[in-house]
Amino acid sequence: MNMGKRNEQQKEIKNFIEKSLIRRLKNDQKELKILSEHDLQACVYYHLRKQLQKMPNWHLQVEISHGKRNEEKKIPDITIAYLRSDGKTVYPKFLIELKETITPLTNSSKKGYKKDIQKLKGLIKKHNKIVKTYFIVAVLPFRKKQKTSQQSTKDIEEAIQENKLNSKIQTIIINTQYDKRNRFDDRFMKKMRLLRKIRG
């Protein structure tokens with residue numbers, strides 16, 4: 001594949017993640033398909049796999065380790081890699097870290113954000129061919145003292161921005177149930193609680 005075609009597909013993948021994928025994940029959340037981090041990973045993988053079917057040189061990898069044998073391994077949740085047509089060289093191009101939360105912001109959750117952001121920063125430094133990385137956070141309403149509440153997208157963005165993101169890290173927050181007036185869809189909440197109970 002010539003460089004022009006590869007760059008065209010690279011741009012197509014980037015646009016898909018930043019537009020279509022976000023829209024589809026929001027729909028997935030509204031339809032109760034994202035109730036855990038594993039659900040989020042499954043939905044992201046499903047949509048990306050369909051998009052990459054027509055691009056044989058692009059490969060979708062889940063939790064693959066990056067690093068040489070004697071190095072500390074870094075394992076992003078999802079890697080989109082480009083394999084050259086000669087089959088001899090592979091380049092990680094896009095990385096995705098995922099988080100799902102149903103609790104308010106705490107020091108523990110902020111530490112989790114920081115850990116994942118540091119991982120992405122380290123991988124960007126290691127692989128100079130990386131085009132973009134994404135930190136996707138799916139947020140659900142939570143119950144506190146018999147009252148339903150929800151963390152605002154702005155609060156979560158501010159907590160993540162404390163980690164001084166660089167231009168190759170983009171935050172995507174899926175938070176369809178947030179309402180400034182603290183109004184909630186009772187049907188959504190009831191179904192969400194029932195489905196999550198299956199997990200024990």
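In this report, the structure presented in the accompanying data block is examined. (Residues numbered from 1 in each chain as written. Predicted model: local features only at pLDDT ≥ 70, side-chain atom pairs only at ≥ 80, totals over all residues. Heavy atoms only, no water.)

## Points about the side chain of aspartate 77
Working step 1: Its location among the elements puts aspartate 77 in the loop between β1 (58-62) and β2 (78-83).
Working step 2: Lysine 119 provides the closest opposite charge to the buried, unpaired aspartate 77, separated from it by 5.5 Å.
Working step 3: A polar atom in the side chain of aspartate 77 sits 2.7 Å from the backbone nitrogen of leucine 98.
Working step 4: Those residues in contact with aspartate 77 that lie beyond four places of it in its chain are Glu37, Gln41, Gln61, Val62, Glu63, Ile96, Glu97 and Leu98. (Helix = DSSP H or I, 4+ residues; strand = E, 2+ residues; numbered from the N terminus. Buried < 20%, exposed > 50% of the residue type's maximum accessible area, 1.4 Å probe, protein only. Lys, Arg positive; Asp, Glu negative; His and termini not counted. Salt bridge = Lys/Arg side-chain N within 4 Å of Asp/Glu carboxyl O. Polar contact = N/O pair within 3.5 Å; in protein donor to acceptor, adjacent residues only side chain to side chain. Contact = heavy atoms within 4.5 Å.)

## Focus: unusual backbone geometry
Negative phi characterises most residues that are not glycine, and trans characterises most peptide bonds.
Working step 1: Backbone geometry places leucine 32, a non-glycine residue, at a positive phi of 65°.
Working step 2: Relative to the assigned elements, leucine 32 resides in the loop between α1 (3-30) and α2 (37-52).
Working step 3: Accessibility expressed as a relative area gives 17% for leucine 32, which makes it buried.
Working step 4: Backbone geometry places lysine 164, a non-glycine residue, at a positive phi of 55°.
Working step 5: One can find lysine 164 in the loop between α4 (153-161) and β7 (169-174).

## Re the pattern of salt bridges
Working step 1: Taken as a whole, this structure holds eight salt bridges when the rule is applied.
Working step 2: One salt bridge connects lysine 132 with glutamate 18, and the closest N-O pair in it is separated by 3.2 Å. A residue pair is termed long-range when its members are at least 10 positions apart, and lysine 132 in strand β4 (residues 132-139) and glutamate 18 in helix α1 qualify at 114 residues.
Working step 3: A salt bridge links aspartate 86 to arginine 84; the nearest nitrogen and oxygen atoms lie 3.7 Å apart.
Working step 4: Overall, the relative accessible area of 36% leaves arginine 84 in the partly exposed class.
Working step 5: Linked by salt bridges that have partners in common, Lys14, Glu18 and Lys132 make up one network.

## Topic: the environment of isoleucine 17
Working step 1: Within the secondary structure, isoleucine 17 is located in helix α1.
Working step 2: Judged by its relative accessible area of 0%, isoleucine 17 is buried.
Working step 3: Between the alpha carbons of isoleucine 17 and lysine 190 there is a distance of 31 Å; along the sequence they are 173 residues apart.
Working step 4: Those residues in contact with isoleucine 17 that sit more than four places away from it in its chain are Ile22, Leu48, Ile80, Phe94, Tyr134 and Ile172.

## Focus: the packing of α1 against α2
Working step 1: Two numbers describe how α1 lies on α2: the axes approach to 10 Å, and their chain directions differ by 135°. Between α1 and α2, the interaxial angle falls into the category oblique. Between α1 and α2 the crossing geometry is right-handed. From α1, Glu12, Ile13, Phe16, Ile17, Leu21, Arg24, Leu25 and Asp28 reach across to α2, where they touch Leu40, Cys43, Val44, His47, Leu48, Gln51 and Leu52.
Working step 2: Of the residues assigned to the contact of α1 with α2, the class counts are ten nonpolar, two polar and three charged. (Axes fitted to C-alpha atoms, helices over the stretch in contact; angles between N-to-C directions. Parallel < 35°, antiparallel > 145°, perpendicular 65-115°, else oblique. Left-handed = near helix turned anticlockwise from the far one by under 90°. Nonpolar A, V, L, I, M, F, W, Y, C, P; charged D, E, K, R; others polar.)

The quantities given are spatial measurements derived from coordinates; they are silent on function.
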